[in-house]
Each structure stands twice: as C-alpha cells, then as structure tokens.
Amino acid sequence: ITVSKGGQDCIISIWNKRTNKKITSIPFQVKKCPDPVALLSNKKGGILKAGQMIAQEQLSLAVENFDFDIKCEIQSFTLVHIPKRQDAVKIQNTGANFSGKALQAIKAAKAGDSYQFINVKGRCSGDTAPRQLSGLAFIVR
C-alpha cells in the first residue's frame, strides 16, 4: 500500500485463488509515515564542544511517533559554516556522510563557530521523491 496522505481507509480482501471467491474483507486504516527528523550527535540543534563537533561524521534521521520501523536516508543537505567573526560559507553535500569541503569545515570547528544544516532532503522506503526536512543549527563552545 502506498499512502499519499494520512488517515486513508482501505479494505483488504482475501480471495480463494482456486475458486476465485472472496473469503472476507477487512476494513483497514493506513497512516502516512511522518517526516523523519535530522539529527547530529542525536541532537536537533544546540551547543556542542569543539571536540564533539570534530568527531561527527554524518547526519542521521529518526522517525518519531510512528508505530513501525522504517528505513530513511539523507539524500543531501547544505552546510552553512560561520566561523567566528568571519563570513558564512555555504557547502553542498550529497548523502549523510560529511565529505569534501563539508568534512573540512566540520574538522575545523572552533569555539564561537556556528553550523547550520539547511535544505536537508531525505527519503524513506516507499517514497517516490525526496522529502524536504527541517534543518539543524549548532553553536560550538
């Protein structure tokens, strides 16, 4: 079942293949998987020590308030690194793992730096297109 919006009602029918007769029908309500939440170090934002930020390797996703385990993955995001008393630098990253300039920016974390993860896109199993997810903001102390 592919659900395009929450609260859809459907009927599941069980048929006998040999006789091609319906055995029973059961009403069933399906809910759409909620948008996953992006996390860094299991946090949605806040303050990290420089060493904690430097140790990070990737963003992760968690699906909150849903009855079933579902696999979701980060497709891409933009990292906005604002070094203390310097101009912001925007860096595109594909996938969840920090790579290239994004990895360099994370490894350069110093007290007073700010990191924002915006335009976070993720996809859950069954999705036909990536979802636009909420961003994250961190300050390094």
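Structure: see above.
These numbers come from a predicted model, not from an experiment.

Quick notes on the side chain of Asn93
Part 1 of the argument: Its place among the elements puts Asn93 in strand 7 (residues 89–94).
Part 2 of the argument: Separated by 2.9 Å, the side chain of Asn93 and the backbone oxygen of Asn97 make a polar contact.
Part 3 of the argument: Discounting chain neighbours no more than four positions away, the residues touching Asn93 are Ser76, Phe77, Phe98, Ser99 and Ala102.

Focus: unusual backbone geometry
Part 1 of the argument: With phi around 60°, Asn42 is a residue other than glycine that occupies positive phi space.
Part 2 of the argument: On the secondary structure map, Asn42 appears in the loop between strand 3 (37–39) and strand 4 (45–48).
Part 3 of the argument: What makes Asn42 exposed here is its relative accessible area of 69%.

A look at a nonpolar patch on the surface
Part 1 of the argument: Residues Ile12, Ile14, Ile23, Ile26 and Phe28 make up a contiguous nonpolar surface patch of about 430 Å² in total accessible area.
Part 2 of the argument: When contributions to the nonpolar patch are tallied by element, the ones reaching two or more residues are strand 1 (8–16) and strand 2 (21–30).
Part 3 of the argument: Tallying contributions element by element places strand 2 first for the nonpolar patch, with 3 residues.
Part 4 of the argument: Structurally, Ile23 can be placed in strand 2.

A look at the state of the cysteines
Part 1 of the argument: Considering all chains together, one arrives at 1 disulfide under this definition.
Part 2 of the argument: The disulfide partner of Cys72 is Cys124, and the S-S distance across this bridge is 2.1 Å. Across the S-S bond of Cys72 and Cys124 the torsion is about 100°, and the bridge reads as right-handed. Placement of Cys72 in strand 6 (residues 72–82) and of Cys124 in strand 8 (residues 114–124) is noted, with a sequence separation of 52 residues between them.

Considerations on the pattern of salt bridges
Part 1 of the argument: Across all of its chains, the model carries 4 salt bridges by this definition.
Part 2 of the argument: One salt bridge in this structure joins Lys44 and Glu64, with 3.3 Å as the shortest N-O distance. Placement of the pair is Lys44 in the loop between strand 3 and strand 4 and Glu64 in the loop between strand 5 (60–62) and strand 6, with a sequence separation of 20 residues.
Part 3 of the argument: We classify Lys44 as partly exposed; its relative accessible area is 48%.
Part 4 of the argument: Where Arg131 meets Asp127, a salt bridge forms, and the shortest distance between an N and an O atom there is 2.8 Å.
Part 5 of the argument: The structure contains a network of salt bridges with shared partners spanning Asp35, Asp127 and Arg131.

The rules behind these values
- Residues numbered from 1 in each chain as written.
- Predicted model: local features only at pLDDT ≥ 70, side-chain atom pairs only at ≥ 80, totals over all residues.
- Heavy atoms only, no water.
- Helix = DSSP H or I, 4+ residues; strand = E, 2+ residues; numbered from the N terminus.
- Polar contact = N/O pair within 3.5 Å; in protein donor to acceptor, adjacent residues only side chain to side chain.
- Contact = heavy atoms within 4.5 Å.
- Buried < 20%, exposed > 50% of the residue type's maximum accessible area, 1.4 Å probe, protein only.
- Patch = residues over 30% accessible without salt bridge, like charges linked within 9 Å, V, L, I, M, F, W, Y side chains within 5 Å.
- Areas by Shrake-Rupley, 256 points an atom, 1.4 Å probe, with all protein chains shown as cover.
- Salt bridge = Lys/Arg side-chain N within 4 Å of Asp/Glu carboxyl O.
- Disulfide = S-S within 2.5 Å.

Remember, this is a structural readout, not a statement about activity or role.
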